[in-house]
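Fold and contact review
Single-letter residue listing:
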Number of protein chains: 2
Amino acid sequence: MTPVRSVFFVSDHTGLTTEMLGRSLLAQFEGVEFKRITLPYVDTPEKARAAVERIRAAIGTDGQRPLVFSTLILPEVRDIIARSGALFLDLFEMFIAPIQTELGVAPSHAIGRSHAPGSNYTARMDAVNYALDHDDGGITRELHRADIVLIGVSRCGKTPTSLYLALQFGIYAANYPLVPEDFGADELPAALKPLHNKLHGLTIRPERLQQIRTERAPNSSYASLENCRLEVKQAENLMRRFDIPFLDVTSMSVEEIATTLVQQKSLHR
Amino acid sequence: MTPVRSVFFVSDHTGLTTEMLGRSLLAQFEGVEFKRITLPYVDTPEKARAAVERIRAAIGTDGQRPLVFSTLILPEVRDIIARSGALFLDLFEMFIAPIQTELGVAPSHAIGRSHAPGSNYTARMDAVNYALDHDDGGITRELHRADIVLIGVSRCGKTPTSLYLALQFGIYAANYPLVPEDFGADELPAALKPLHNKLHGLTIRPERLQQIRTERAPNSSYASLENCRLEVKQAENLMRRFDIPFLDVTSMSVEEIATTLVQQKSLHR
């Protein structure tokens, strides 16, 4: 049995950056079982010493030293964590010096700068409100303000994608469900017709759609494989007929869907 | 006038990790104007050569070399980007080797592992649906399934926080608005009473609340400073009276609010 390896993500702020980069790196090592612990807001020597105690306790439990990923801006905090006895991998230490040399500017050592709520923050919150107001074809009055309008059958992933685009990038994403009434028509639904260049379809394998719909409405004809097959086929036919690009999201995470759409539509991240 | 410095975030996958770490690092250098360009899905030598052309074009335009942040897993892609002439800062190159030595396991060099949709993905999507169903006190029937129930006055940030907790961490977050009818009561609203240990308040400075409400409902008594002051004061009194912890989110980003709540409530990230 492979022993479990503890991994600490230590940050003087939210820990999101540290966690994300650490997870990306760990994903490269298959067959190792990791126990992940995030220690955010470690921004004083006192908190750093408390973090070191937790790291040292893991050495005792695991019988081997943990990995510590960090993005510590304050040198006095970093120095304490660096001496915990773990394998210490600090992003800032590694990169700040070459950037400083290149730019000829000293770093500010100010914490939390990249998450400070500014105009960008307000834009993202406005985008979240927009996505909520324009979810599921809800309000069509302000559909023209959308940066992108996602179309597809019910439960193919339009709503989480719209919300992610809003929260992560401040993109105004509306979404509009394709329903059986739309499939036979000679034209796009009236609300969508003037927005052709903003439309992007999502599609999904019927078997996966059946699973998702079954969780919401077990044993319904709506969730049946037969109906899912028919709807997906008709939706894809409609998108082909009206020359609307579409993406098969069956095996994609919401991050992958969102970043692919941003790239394909040349939206501003 | 300081010249603009181009910064490229080059990734063989979504680019989210690269962008996040690059932004954190750049935030340390004040007074420098950066032009940020993300190049995601650079996963073949051909795409790498196209990226290098864009990087080299920026050298010509800016009159100085760009910074390139990358998290490139494929050595054959990384080698091409490394020779673009920019300052090349690759996270993987730097960290993979020490981790490999520590673990005694070779890296898989597989792309996109950390975004693969697995059980965690389904859990996050379920959490998004939960947050939408339980937004704004909507459905109270399944409130007991929540990991956390956010309370606070209208427009203090409960909805974006709930959605972020769901999308980022798969946490089931419900939210419940405190309205004037709640303030005078001797008891908590009936739906909240059995959930005391899951409740967490958000509060906000009245001046900021006025701004936010004015965007939604200009010149309303709802958005007036006087009303915002009264509601915030009464909501804070209520939370103190019933011993509910609360957080002033006036100067916080949604990432900061969410990670602080996760820490204070000891929720699983």
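For the structure, see preceding data.
Residues numbered from 1 in each chain as written. Chains lettered and ligands numbered in written order. Predicted model: local features only at pLDDT ≥ 70, side-chain atom pairs only at ≥ 80, totals over all residues. Heavy atoms only, no water.

Remarks on helix α1 (residues 16-26) of chain A
To keep things clear, this is the line we draw: Buried, partly exposed and exposed residues are distinguished by accessible area as a fraction of the type maximum, computed with a 1.4 Å probe on protein chains only: under 20%, between the cut-offs, and over 50%, respectively. The numbering of helices and of strands both runs from the N terminus, where a helix is a DSSP run of H or I of at least 4 residues and a strand a run of E of at least 2.
The buried count for α1 of chain A comes to 10 of 11 residues, which makes it a mostly enclosed element. Looking only at α1 of chain A, the buried set comprises L16, T17, T18, E19, M20, L21, G22, S24, L25 and L26 of chain A.

Looking at the pattern of salt bridges
Filter applied, for reference: Salt bridges are counted wherever a side-chain nitrogen of Lys or Arg sits within 4 Å of a carboxyl oxygen of Asp or Glu.
Within this structure, the stated rule accounts for 22 salt bridges over all chains. Residues R65 of chain A and E102 of chain B are paired through a salt bridge, measuring 2.7 Å at the closest nitrogen-oxygen approach. Note that R65 of chain A is positioned in the loop between α2 (45-62) and β3 (67-71) and E102 of chain B in helix α4 (residues 91-103), a pairing that runs across two chains. Between R213 of chain A and E231 of chain A there is a salt bridge, with the nearest N and O atoms lying 3.0 Å from each other. With R213 of chain A in helix α8 (residues 206-216) and E231 of chain A in helix α9 (residues 225-241), this residue pair connects regions lying 18 residues apart in the sequence. As far as the burial class goes, R213 of chain A and E231 of chain A line up, both buried.

Quick look at the packing of aromatic side chains
What describes a pair of aromatic rings is the distance from one ring centre to the other and the angle between the planes of the rings. Residues and elements named next belong to chain A. Heads up, the rule is: A pair of aromatic rings is counted whenever rings of Phe, Tyr or Trp (Trp by its six-membered ring) have centres within 6.5 Å, and the orientation is called stacked for planes under 30 degrees apart, edge-to-face for over 60 and tilted otherwise. Only when the NZ of Lys or the CZ of Arg is both within 6 Å of the ring centre and within 35 degrees of the ring normal is a charge said to sit over the ring.
Counted by the stated rule, this structure contains six aromatic pairs over all chains. A ring pair is formed by F9 and F69, whose centres lie 5.9 Å apart and whose planes are at 25°; its orientation type is stacked. Taken together, the residues span a long stretch of sequence, with F9 in strand β1 (residues 5-11) and F69 in strand β3 at a distance of 60 residues. With a centroid separation of 4.7 Å and an interplanar angle of 45°, the aromatic rings of Y130 and Y172 are classed as tilted. Of the two residues, Y130 is situated in helix α5 (residues 119-133) and Y172 in the loop between α6 (158-169) and β6 (173-177); the sequence distance between them amounts to 42 residues. If you follow R213 out to its NZ or CZ, it ends over the ring of Y222, 4.2 Å from the centre.

Thoughts on the relation of the copies chain B and chain A
Let me state the cut-off plainly: The least-squares superposition of copies is restricted to C-alpha atoms, and to residues with a pLDDT of at least 70 in both copies. Residue contacts follow a heavy-atom distance rule, with two residues in contact if any of their heavy atoms lie within 4.5 Å.
Of the transformation placing chain B onto chain A, the axial shift is 0.0 Å and the rotation is 180°, giving an RMSD of 0.0 Å. Here the transformation between the copies is reduced to the relation of a two-fold axis. A high fraction, 100%, of the interface residues of chain B reappear at the interface in chain A, so the copies pair face to face through one surface.

Side note on the side chain of T161 of chain A
Residues and elements named next belong to chain A. For the record, the criterion: The term polar contact refers here to a pair of N or O atoms within 3.5 Å; inside protein, the definition further demands a hydrogen-donor-capable atom paired with an acceptor-capable atom, and it admits residues adjacent in sequence only when both atoms are side-chain atoms.
When you line up the elements, T161 lands in helix α6. Judged by relative accessible area, which is 0%, T161 ranks as buried. Of the polar contacts made by the side chain of T161, one reaches the backbone oxygen of G157; its length is 2.7 Å.

What about the interface of chain B and chain A?
Short version of the rule: Buried area counts how much accessible surface, traced with a 1.4 Å probe, disappears from two parts once they are put together, with both parts' losses summed.
Listed by partner, the interface residues are 80 residues for chain B and 80 residues for chain A. Both faces combined, the contact of chain B with chain A buries some 7300 Å², and carbon together with sulfur accounts for 64% of it. Here chain B and chain A share eight salt bridges between them. For the interface between chain B and chain A, the tally reads 28 residue pairs in polar contact (both at pLDDT 80 or more). Among the elements that take part in the side of chain B that touches chain A, α4 of chain B stands out by supplying 10 residues, more than any other.

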